[in-house]
Every structure is written in structure tokens, then in C-alpha cells.
Amino acid sequence: MKELQQIIQAYQRSKRSNQKAAIATVVKVDGSAYRRPGARMLITEDGELTGAISGGCLEGDALRKAQSVIFQQKSMVVTYDTTDEDDQKFGVGLGCNGIIQVLIEPIDLNEKDNPLELLKIALDDRRSSTLITVFSLKHSRSEQIGTKILKKGEKIYGTPEKIDSDLLNQILNEINYLIDKETNIIKNYPDFDDVFVLYERIKPPVQLFLFGAGNDTIPLTKMAAILGWQINLMDGRKNHATKERFPDASTIITGTPSEVVQQLHPDSNSVALLMTHNFEYELEVLNHLIPFNLPYIGILGPKKKTEKLIFRLSEKGIIVSTENIFAPTGLNLGAEGSEEIALSIIAEIKAVLNNKKPIFLRDKSGPIHEEEL
């Protein structure tokens, strides 16, 4: 998410300076690769790169191809085949043992529905959306249909009229079917000259409701900011919850638990952390958070503390489901100190939101990334 935000910022700069640009997107991967479909890189005509489509191996070659795309104003698909043991012949030396398809599209700064404008719409609020990219491997050197549609809510943005009407109907039906899967999917359409369509789910950044403005939460907000998370800081202490101490927080709210919680706007990509070191404050906060049904509520401290919180609420007739409560919060990394604890907490949140069970990657059978359907 942070990468997309940076790409949009770079695009805005190129618009202000009237500088031509192209966007390179990984649209299909067979086998192993560093980045997956949906990874992007913005290239300006003067060679500035923002984002990445690999671990640094493809960028040089993609830059050269992108400058050709900018000059000709014609999109293309570039294939990087690293399944050959001697992949040095491609001049990239990936060693990834995969085939990577990269779509490179020129950006028309005057087109209100160009791919970057659609990405801006996707990120302008906290609703998930589906971005549609149509490409052909059969005619990879020919001009591509490219990134033409964004569906957000019930509204369609872009230029759907540039897609064959029968194919468009199939795509729109597919979007409705895939809307709840929250994952990228690639489909092949043999009846339409063998084109492929990348259905890319774009979710809002993680929204972190952080209760606690002590010194131990400062490293956590810095790490969350690096990831592009939206940080909402809450505390009852006005002298602790300040912009000077927490410059990365997008929102700082002080007050009683009921006062701060009623100002929150949770969604399916929102999580909460209780790190105030104030039992009574967190008791009331947890009471107010329960109706939100957040996917993750982390509570700092020993298990006995959380058991006591739940018991106290049960005495009031409030039943607390522990399915979404992670206490003690964080993965078992042997963390010591606020920085390492912050790392373990953020890693656990990421795993929960992605529905992953943390393991050593060396113990995982098969490729690191699951194949797109």
C-alpha cells in the first residue's frame, strides 16, 4: 500500500512538471518471482523510478523499454523468462526460476481515466475496489488494451467502451462473483483472441486504532507509518498524546474511552491495540470495541490481565468472543524492548489480516506465494 501511495505522489509531481511517464505492472507470473501480479513501478521520461517490479533485477531493462513506450506512446507486454539456468543471457541474472510478464503503459497526463487516475480513485477513501487490466501474451508486442476499468461500490470508472462488449459483460459478471475473495485473480479468455484479465483487489491501508501514548508505542507508530498504515492514536492523557511525540499519527484523540471510541470509523481493514497500561481505561475501551467485530484486537500484557478484563465484562452481562482477541499481543519472537515488541505485534497483525499462519519460509512446501487462479 505504501508503494502505491508513493507512486501516486510521483505521478502528481510529473503532472505538475508536465513530464511524460509510463507505468510498468507485473500482470502474470509462472513459477517463482520476487514480486507478484499487481506490483508496479512508475517511470518518468528522465529516468526516475518509483516502486518496484522485482528485487532490483528487472528495473534497468524495464526502464529502457518504458522509455521506448513513452516515445512511441504505445503499450507492450515484456516477458522475462528466468526458467533457463543461464538467465544471465537476459542481462538480469534473476535466479528466480519463473516467467514474469510485465505490462508497460504510457501515461497520458491529459486523460482523466488513465491508470494512475484510476489508482487515485481506488485510494481516495476506505472502500475496497477492483482494478481491471486486460493484456495479450499472444500479441505481446502489439498495443495492449491495458488498465481500463475500476469498479468501486456500484460505480464503474474508466473507459469500458475500449473493451469488446461481449468480453466486457463477462468481466463485469466476474467482478461481481469475485468481489468477496479479497485476492488478485488472473483469468484467460480463449474465445477473445486468448486475452488475459488481471482482477486486482485494492484494499485501503490498514487502519490502526492505537490506545496508548506511552513511550513504548512510539516505535510501533514509526513502523506502522513505514508500512503506510493509517494511525489513529487515543489516550486520556493530553500531555502524552501529542503531535510532537507522535508525528506519524494521522489522528490524535484524547478523552475518556467512550469519547474517543465514538469518533472511530472502523471497517474490515481496521485493527485495535490496547497499550495504555491502565486496566480500568482498557476495560471500558474493550467494552466499546466489541460491537465493531474487528478482525484483530491486541492487548499488551500477560494472559491473566485479559482474563480479568473478560471476567469483569462478563459480570456486567457482556459476552466477549476471544476469536479476534490476541493477548498477549505479538508473535513469539523472543522480543525484548519496545522496538522488538513493536516488530512482533505488527508481524502478527499482518499475518492475521492476510489469514496466514506464521512459519519459517524454509519449512513451507511449494513456492513462497500462492499461484493466482
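Worth saying up front: this structure is predicted, and the values here are computed from it rather than measured. (Residues numbered from 1 in each chain as written. Predicted model: local features only at pLDDT ≥ 70, side-chain atom pairs only at ≥ 80, totals over all residues. Heavy atoms only, no water.)

Asks: An account of the UniProt feature "domain: XdhC Rossmann" (unreviewed entry) in the protein is needed here, citing residue identities and associated values.
Replies: Under the UniProt annotation, "domain: XdhC Rossmann" (unreviewed entry) lies at residues 208-349. Helix makes up 36% of residues 208-349 and strand 17%. Its end C-alpha atoms lie 10 Å apart. (UniProt positions renumbered as here; feature names shortened; annotations may be inferred. Helix = DSSP H or I, 4+ residues; strand = E, 2+ residues; numbered from the N terminus.)

Asks: Please provide a residue-by-residue account of the domain arrangement of the protein, values included.
Replies: What the domain assignment reports for the protein is domain 1 (1-202) and domain 2 (207-354). Computed from C-alpha coordinates alone, the two centres of domain 1 and domain 2 are separated by 36 Å. (Domains from an automatic or database assignment.)

Asks: Any details on the environment of Ala22? Residues and values, ideally.
Replies: In this fold, Ala22 is placed in strand β1 (residues 21-31). Its relative accessible area of 0% is what places Ala22 among the buried residues. As for Ala22 and Asp61, which are separated by 39 residues in sequence, their C-alpha atoms are 14 Å apart. Residues contacting Ala22, with those up to four places away along its chain left out, are Met41, Leu42, Ile43, Ala66, Val69, Ile70, Ile104, Glu105, Pro106 and Ile107. (Buried < 20%, exposed > 50% of the residue type's maximum accessible area, 1.4 Å probe, protein only. Contact = heavy atoms within 4.5 Å.)

Asks: I'd like a rundown of the sheet that holds strand β5 (residues 98-107), residues and numbers included.
Replies: Strand pairing within a sheet occurs via backbone hydrogen bonds; the two strands may be parallel or antiparallel. Spatially, β3-β2-β1-β5-β4 is the arrangement adopted by the five strands of the open sheet, whose pairing is antiparallel. The open sheet has two edge strands, β3 (49-51) and β4 (76-81), and neither has a second partner. Going across the sheet, the axis of each strand differs from the next one's by a mean of 25°, ignoring polarity. Strand direction decides the pairing type here: strand β2 (residues 40-44) and β3, joined by three bridges, are antiparallel. Bridge pairing in β3 places Ile43 opposite Leu49. This element, helix α1 (residues 2-16), spans β1, β2, β3 and β5 of the sheet and lies at about 15° to β2. Seen against the sheet, helix α3 (residues 115-122) touches β1, β2 and β5 and runs at an angle of roughly 100° to β5. (Pairing = 2+ DSSP bridges. Axes fitted to C-alpha atoms, helices over the stretch in contact; angles between N-to-C directions.)

Asks: Break down the nonpolar core for me, citing the residues and quoting the values.
Replies: Membership of the largest hydrophobic core comes to 24 residues, with the highest contact counts inside it found for Leu208, Leu220, Leu273 and Ile349. Of all the elements in the fold, those that place two or more residues in this core are β11 (207-211), α5 (218-226), β12 (230-235), β14 (270-274) and α9 (337-353). Here this core takes five residues from α9, the largest share from any one element. Listed in part, the 22 residues of the second largest apolar core include Ile253, Leu286, Leu294 and Val320. (Core = buried A, V, L, I, M, F, W, Y, C linked by side-chain atoms within 4.5 Å.)

Asks: Any chance you could break down the pairing of strand β9 (residues 185-189) for me, citing the residues and the numbers?
Replies: Sheet analysis places β9 next to strand β10 (residues 195-202), joined by five bridges and oriented antiparallel. When the sheet's bridge partners are listed, Lys187 is paired in β10 with Val197. Linking two consecutive strands that pair antiparallel, namely β9 and β10, is a turn of five residues; a positive phi of about 55° is found at Asp193 within it.

Asks: Give me the pairing of β1: which residues, what numbers.
Replies: Buried residues dominate β1, accounting for nine of its eleven residues. Two elements, β1 and β2, share five bridges in a ladder whose sense is antiparallel. Pairing of Thr25 across the sheet is with Arg40, part of β2. As paired elements, β1 and β5 share ten bridges and run antiparallel to each other. Across the sheet, Thr25 pairs through a bridge with Leu103, a residue of β5.

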